[in-house]
Amino acid sequence: MNRFKASKFRHTEARLPRREAWISGVRAGSVPSCGSHVKASCRWIAFSAEAAGVLGIVPLECEDGGKRTISQLCCHSDVVTDFDFSPFDQLLLATGSADETVKVWRLPEGGQDIPSGSGLTLGPGGAPVDTLQFHPTADAVLASGAGKRVTVWDLGQQQPLTVLDSHGDQLQSLTWKRDGHLLGTSCKDKKLRIFDPRAGPAASQSVLGHDNNKDSRLLWMGSSDCLISVGFSQMREREVKLWDTRRLSGATLTVALDTSPGVTIPLYDADTGLLVLAGKGENLLYCFEVAPTQPALTQVTQCRTEGSTRGLGTVPRLALDVMACEVLRVLQLTDTALVPISYVVPRKSVQEFHEDLFPDCTGMLPATNAQGWWAGDSQQVGRVSLHPARRPMETFTSPIIAGTVPTNAGHTDTDTGHTDTDTGHTDADQSEASGYSSPSSLASPGSTATSLSASTGPSSGFASSPSQKSLQSILGPSSRFRHAQGRVLHRDLHLTNLRGLSLTTPGESDGFCANLQRVALPLLSAGGQIAVLELSKPGRLPDVAIPTIQNGAAVADLTWDPFNPRRLAVAGEDAKIRLWRIPEGGLQETLQEPEAVLRGHTEKIYSIRFHPTASDLLVSSSYDMTVRIWELSTGQEVLCLQGHTDQIFSMAWSPDGKKLATVSKDGRIRLYEPRRSSQPQQEGPGPEGGRGARLVWVCGGDYILVSGFDSRSERRILLYRAQALSEGPLSVLGLDVAPSTLLPFYDEDTSVVFLTGKGDTRVFLYEVTSEPPYFLECNSFTSNEPHKGFVFLPKTACEVREVEFARALRLGQSSLEPVAFHVPRVKKEYFQDDLYPPTRVWWEPALGAGAWLDGQDGQQRRASLRPADMVPVSEAPKEAPARKFVPASVYLEEKTDEQKKEELLSAMVARLGNRDDPLPQDSFEGVDEDEWD
C-alpha cells in the first residue's frame, strides 16, 4: 500500500450476524489435521463433523427464506483430514482421509437425494492424506499431500501425473499459484519448497521457513511471485512471513502476532489483498491488507466472536452481496454453529455497483483440461464481472465422474436460465449416474467401515434432516442413556480445604482411590505420605496436620481391596508393594508400619489391581516389563507373566477373573491366561501413539475397550473382540485433542463407559454395544474447572430413588466433590427396573486365592438394588391414554367470519342473562313539570 495513497479497504469492518442468521444444529469435530475444516462453493458448504469419517453438508443459501437442511456424508472409514471444492464445477467435492484414500463426490443441484457413493476413489497411497487442492486453471487436476510426498492426479484417467517426493518430513500444506504453473509446500522439516510439476519432481527452490516445526501454512498471493506463510518462531510466537520467489533466500517481511498456542488458519483473497487469520480454539479474527511490493502488512480490523474457532473458510466472490459492499465473507465453524462473518466497506451509496471495490474476478469455466495442462497448455481462466446485470449465468459440469455429460452440455442457456434439453442430461440420468441414494438406502449398514460413530450409526452414505432435529435419531440407534445428566451434589457432602495434594502421580495411576467408606489421597510431602479421609465425615478439614500413612517411598499407584474395605495396597517407586490396614473408624494417628511388604520387582511399579472374584490376589506391573501375581495371605509371588518389550501402560482382569489383558508402549495388546502360561495367549495391534493408553473389559467380557492416542495425538477409543485381537479393532472413535490419557470406567450393569483425563473439564459418556455402531453417544458432563482426578464408587453408592446410575468423586485443586449421574424419568416413585438389573455382589469373594490358583473358578451372586417400599416400573398400573385429538365433527365444518362473530355475541349475551326485571332508576320518583319553573 503506497503511503501517499490511502487504501480503499482501510475502513473495512467485520459484521457479525444475529443468531437467526447462524447455521445452527452443527456438531463440529476437532480433527487434528492440516485442513481449514470448512470449505464453500457457490452452492454448498462442507465442514468437519464430530463423527470420524463424516462431513457435514449444508446449502450456502437457504431457499425461500426457510431453514437450511444439514446433511451428513459418511465418506471414509477414518477421519476426514481435508477436502476441497472444484473452482469450476460447484457440485464437485474431493475428500482426503487418514484411511489413505482420496474420494471425489458429486453433490446434487438441489431438491434431490444426496449420493451414497463416491464418484471415484484414488488410493490407498501408503500414508494418511494430509491436504488437498484443486488446480486453479485446469479441470480434473488435483494435488494431494500424504506423508512426505505430493501427488498430482488426473482425475479423468484416475492416474497420477507426477509425484513430488523430495520432502524431508511430513507435509503440512500445499498451494497452487493462481496461473497454475507452480506449486508451493510447507513441511515439518521447517522448509518451504517451490515445484514446477511439469518440469520435474524435484523442488526448483527451497528455503528455511519458520524456526519451529509446529504446524505451518503456505498461501500463494494470486498470480504474483509472492507467498504468505504462517507458523511459529523459535520462541513459540505466532508469526506471518512474506516471501518473493525471485529472491527466496529469506523472508521480505516478518510480523509477530502473539504467543497463543492455537494453530493459525490463514485465508487470503487475491482480488482485495485481504488476509484473515484465526487461531484454532480462539475467538479472535485478525484482518490485514497485504501489499507485497512494499512489502507491508497493515491491520485493517479485528473482531471477537462468540464461539471458539474450529475451522475457517471463505465464500467464493461470485456469491458475495456486492450491492451491500460485501468484499469478503468468512465462515467460522464453532462447536455448534456455522457463523457467516461479512467484511463490508462502508459507502454512502449502497444502491449502485462500486467498480473500485469489485474488479473482475476469475470465472468458473476452466481454461484447459488435465491432459492439455500436462502437455504444456498455460491458458488462463477468463475473468468475469461481479455486476449483477453483467454477471454470466453459464455453469460448468466436469465429466470426470462416470455418467456425467461432456463439458459443453453442462452450460446453461443465458437467456432462459435452464439447461439445454437437447443434451440428454436429465435429472433421472444424473441421479442414476451419480449413484444417488433413495431414502430406504440410508438404513443399510456399511460393510467396510472400520471407524463408526454414535452420531452416524451403522448407516453408510448421506442422510438429511432438519437442523433443529438430532441427526443421531435419524441415522442410527440411540442410547437409552442419551439424556443422562451429571451434577455435583450439595456442598454439605464435599470435603474441602485439602492441602498439599500430590498431583504428579504417574499417568498409569488414577491419582487417588476410594471405596464406600473412605478415600486415599497421596500427598506431596516427602516419604510418600497418604491421607485417608472418611466419606461419612464431610466438611472442611482443619488447618492443622492430620494423621497420614507414612509409605516410605513415593506413591506410584494405590487401590482398595474390594473384599476388605480397610486394606489399602500401595505401590511405591522403590519397587515394593505395601499393604496397610486402616483402623475401624479411620486414622486416628499416623501409620508407619505396613501390614505386609511384597518384594520381587526390580524396577519401579506402574500399577496394581485386585482380583475381581478371588480374595487375597493382587497383580502388579513394573518397569522390569513383567506382570506378577501375589498371594496376599502368604505375601509371596505365585505367578510371573513375560512377553512385554516396552513399558506396560495398563492391565485389567476379565470380569470372570480368568484372563488378564495388557496394553503397552510397543503398540501391542496382549491377552494372558495366567494359570496356563506365562506367555500371552493372543496379541493384537494397539493404539498408534506411544503417549499412554488404558483398557477395560466391556460387554460381559467379550470385548476390550482401549483408550489411547493416534499418530497425530488425537485421543480415541478402540473396541476389540477379545477372542480376535489379531484382527485389529472393530471400531475406532476419535474424541478430541488433549495431552492427558483418557481414564475409562465401565459400568457393567448399564454398559455405559465414562471417559475423562487428568486436567480435563469434560467427562464423555458412551453406551457400548456388541453390534454396530458399537458406541452410542450420551450427554457429557462438564465441570467449571479442571479436575485432578475422577474416580467412580461402587454401584451400591447410587441413590436409585433419584434414578442415579453412577456416582463418582471429583478431585479439584483443594476439594473432593461427589458427582451423581442420573437419567431423567417421569415416574420416579417407581423403581426403574429397566435401568437397574440385578448387580454383582462385588463385596463378597466367590473363592479364595488358593482355590483360584488350583484352577477353580467362581461366580459371584447377584442382588437387586430395589428398595423394599418401591414398586418396579414394569409393574406400575397402566394409565388410559388421554384423548389428544379433536372429534371430526368439530373441524370438518368450516365456519365463516360472520358465523364466528354471531357465536361470540351470543355467548356474551348468554353470560349476561335475560334482564326482564325493572332497572333501579325506574322506581325513582321524579318531580312535577311545574316544579322546574
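Quick caveat, the model's predicted, so the values are computed rather than measured. Counting starts from 1 at the beginning of each chain's written sequence and moves along it residue by residue. Reporting in this predicted model follows two pLDDT cut-offs: at least 70 for local features of residues, and 80 or more for side-chain atom pairs to be given and counted; totals over whole chains, interfaces and linings ignore these cut-offs and use all residues. For side-chain calculations, the full set of non-hydrogen atoms in the structure is used, while hydrogens and water are omitted.

Moving on: the overall build of the protein chain. Helix and strand content of the protein chain: 6 helices and 67 strands. Buried residues in the protein chain amount to 53% of all 933 residues. Working rule for contacts: check all heavy atoms of both residues, and any pair within 4.5 Å makes them a contact. Counting contacts in the protein chain only where the partners sit at least 6 residues apart, residues at least 24 apart contribute 53% of the total. All accessible areas in this document rest on Shrake-Rupley with a 1.4 Å probe, and a residue is counted as covered only by the protein chains that are shown. Taken as a whole, the protein chain presents about 41,300 Å² of accessible surface, with 48% of it coming from carbon and sulfur. Under the DSSP-based scheme used, a helix requires at least four consecutive residues in state H or I and a strand at least two consecutive residues in state E, with every element numbered from the N terminus. For every residue, the accessible area (1.4 Å probe, protein chains only) is compared with the maximum for its type, and the residue is labelled buried under 20%, exposed over 50%, or partly exposed between those bounds.

As a further point, take the sheet that holds strand β26 (residues 284-291). Strands are treated as partners if at least two bridges between them are detected by DSSP. Spatially, the 4 strands line up as an open sheet ordered β24-β25-β26-β27, and their pairing is antiparallel. Of all strands in the sheet, those with a lone pairing partner are β24 (264-269) and β27 (296-304), marking the two edges. Neighbour-to-neighbour, the strand axes of the sheet open up by a mean angle of 20°, direction not taken into account. Bridging between β24 and strand β25 (residues 274-279) involves 6 bridges; their strand directions are antiparallel. Residue pairing for β25: P266 is matched across the bridge by L277. In this analysis an axis means a line fitted to C-alpha atoms, helices contributing only their contacting stretch, and an angle means the value between N-to-C directions, from 0 to 180 degrees.

Put simply, the protein chain has an average pLDDT of 84, and 86% of its residues get 70 or more. Low pLDDT (under 50) marks residues 403-475, which in the prediction has 159 contacts with non-local residues, meaning those over four places away or in another chain. On a scale of 0 to 100, pLDDT captures the predictor's confidence in every residue.

Before going further, it helps to examine the packing of aromatic side chains. The relation between two aromatic rings is expressed through the spacing of the ring centres and the mutual angle of the planes. Whether two aromatic rings pair depends on their centres lying within 6.5 Å, for rings of Phe, Tyr and Trp, where Trp uses its six-membered ring; planes under 30 degrees apart make the pair stacked, over 60 edge-to-face, and the rest tilted. Here the structure, examined in full by the defined rule, presents 19 aromatic pairs. With centroids separated by 4.6 Å and ring planes inclined at 45°, the aromatic side chains of F754 and F792 adopt a geometry described as tilted. Taken together, the positions of F754 in strand β59 (residues 752-756) and F792 in strand β63 (residues 789-792) put the pair 38 residues apart, joining distant regions of the chain. Through pairs of rings, three or more aromatic residues link up here, namely F481, F745, F754, F781, F790, F792, F805 and F821. In this arrangement the basic side chain of K214 is found over the ring face of F232, its NZ or CZ atom lying 4.6 Å from the centre. The ring of F709 carries the charged tip of R691 above its face, separated from the ring centre by 4.5 Å. We call a charge positioned above a ring when the Lys NZ or Arg CZ atom is no farther than 6 Å from the ring centre and deviates by at most 35 degrees from the ring normal.

Attention now moves to the side chain of E804. Mapped onto the secondary structure, E804 falls in strand β64 (residues 804-811). Excluding anything up to four places from it in sequence, E804 contacts A797, C798, E799, A820, F821, H822 and Y836.

What follows covers the sheet that holds strand β18 (residues 191-195). Strand order across the open sheet formed by 4 strands is β16-β17-β18-β19, with antiparallel pairing between neighbours. If you trace the sheet from one side to the other, it starts and ends with β16 (171-176) and β19 (205-208), each paired once. For this sheet, the mean inter-axis angle between neighbouring strands, taken without regard to orientation, is 15°. Sheet topology note: the β16/strand β17 (residues 183-187) ladder contains 5 bridges and is antiparallel. Residue pairing in the sheet places W176 in a bridge with L183 of β17.

Residues belong to one nonpolar core when they are buried, are Ala, Val, Leu, Ile, Met, Phe, Trp, Tyr or Cys, and are joined through side-chain atoms within 4.5 Å. Grouped together as the largest cluster of nonpolar side chains are 31 residues, with contacts concentrated most on V276, L285, L312, V327, V330 and Y343. Looking at this core, the elements that each hand over two or more residues are β24, β25, β26, β27, β29 (326-333) and β30 (337-344). For this core, the leading source of residues is β30, giving 5 residues. Excluding residues that lie within four positions of it along the chain, V330 makes contacts with L267, V276, L285, L312, G313, T314, V339, P340, I341 and Y343. Counting residues in hydrophobic clusters, the runner-up holds 23 residues, among them A484, F754, V803 and L835.

Time to look at the pattern of salt bridges. Salt bridge criterion: a side-chain nitrogen from Lys or Arg within 4 Å of a carboxyl oxygen from Asp or Glu. All told, the structure shown has 60 salt bridges when counted by the stated rule. Between K177 and D225 there is a salt bridge whose closest N-O contact spans 3.1 Å. In this pair, K177 is assigned in the loop between β16 and β17 and D225 in the loop between β20 (217-220) and β21 (226-232), connecting sequence segments 48 residues apart. Assessed through its relative accessible area of 26%, D225 is described here as partly exposed. Close ionic contact of E683 with R670 constitutes a salt bridge, the shortest N to O distance being 3.7 Å. Of the two residues, E683 sits in strand β53 (residues 682-685) while R670 sits in strand β52 (residues 668-672), which places them 13 residues apart along the sequence. Classification of E683 by relative accessible area gives partly exposed; the value is 29%. Among the residues examined, R670 registers a relative accessible area of 3% and is labelled buried. Here the salt bridges do not stand alone but share partners, grouping K177, D179, D225, D244, R246 and R247 into one network.

Cysteine sulfur atoms are paired as a disulfide whenever they fall within 2.5 Å. Tallying each qualifying case throughout the model produces 0 disulfides. With no disulfide of its own, C303 lies closest to C287 among cysteine sulfurs, the gap being 8.8 Å. This cysteine, C361, is not joined by any disulfide, and C42 carries the nearest cysteine sulfur, 8.8 Å off. The exposure class of C361 is buried, given its relative accessible area of 3%.

As a further point, take the environment of V570. Note on placement: V570 falls in strand β43 (residues 564-572). Exposure remark for V570: the relative accessible area of 0% places this residue in the buried category. Here the alpha-carbon distance between V570 and T559, two residues 11 residues apart in the chain, equals 6.7 Å. Residue contacts for V570: discarding those within four places in its chain leaves I530, N551, V555, D557, L558, K576, I577, R578, W580 and I608.

Burial runs high along strand β8 (residues 92-97): 6 of the 6 residues are buried. Residue alternation in β8 divides its side chains into two sets, L92, A94 and G96 and L93, T95 and S97, and both sets are buried. Sheet analysis places strand β7 (residues 80-85) next to β8, joined by 5 bridges and oriented antiparallel. Bridging across to β8, F85 finds its partner in L93. The loop that links β7 with its antiparallel partner β8 comprises 6 residues. Taking the residues that link successive antiparallel strands as the turn, the β8-strand β9 (residues 102-106) hairpin has 4 residues, and the phi of E100 there is positive, at about 75°.

A few words now on a nonpolar patch on the surface. The patches described consist of residues with a relative accessible area above 30% and no salt bridge, like charges being joined within 9 Å and nonpolar side chains (Val, Leu, Ile, Met, Phe, Trp, Tyr) within 5 Å. On the surface, L904, L905 and M908 cluster together to form a nonpolar patch covering roughly 320 Å² of accessible area. Structurally, L904 is set in helix α6 (residues 897-912).

Quick look at the side chain of E673 now. Looking at the element boundaries, E673 is found in the loop between β52 and β53. Side chain to side chain, E673 and Q681 meet in a polar contact 2.9 Å long. Leave out the neighbours within four places in its chain, and E673 touches K658, K659 and Q681. We define a polar contact as two N or O atoms separated by no more than 3.5 Å, with the added condition that, inside protein, one atom must be a possible hydrogen donor and the other a possible acceptor, whereas residues neighbouring each other in sequence contribute only through side-chain atom pairs.

So, about the environment of S224. In this fold, S224 is placed in the loop between β20 and β21. Taking C-alpha positions, S224 is 8.2 Å from R178, a pair spaced 46 residues apart along the chain.

Here we come to the environment of M235. Tracing the backbone shows M235 in the loop between β21 and β22 (238-244). Put simply, M235 and T259 are 24 residues apart on the chain and 8.5 Å apart in space, counted from C-alpha to C-alpha.

This part takes up unusual backbone geometry. In this structure, P124 follows G123 across a cis peptide bond, with omega equal to 5°. On the secondary structure map, P124 appears in the loop between β10 (120-122) and β11 (129-134). The omega torsion of the bond from P772 to P773 falls at 10°, within 30 degrees of zero and hence cis. Unusually for a residue other than glycine, K190 sits at a positive phi of about 75°. Turning to its location among the elements, K190 is positioned in the loop between β17 and β18. Relative accessible area serves as the criterion here: at 32%, K190 is assigned to the partly exposed category. For V803, which is not a glycine, the phi torsion comes out positive at approximately 55°. The topology assignment puts V803 in the loop between β63 and β64.

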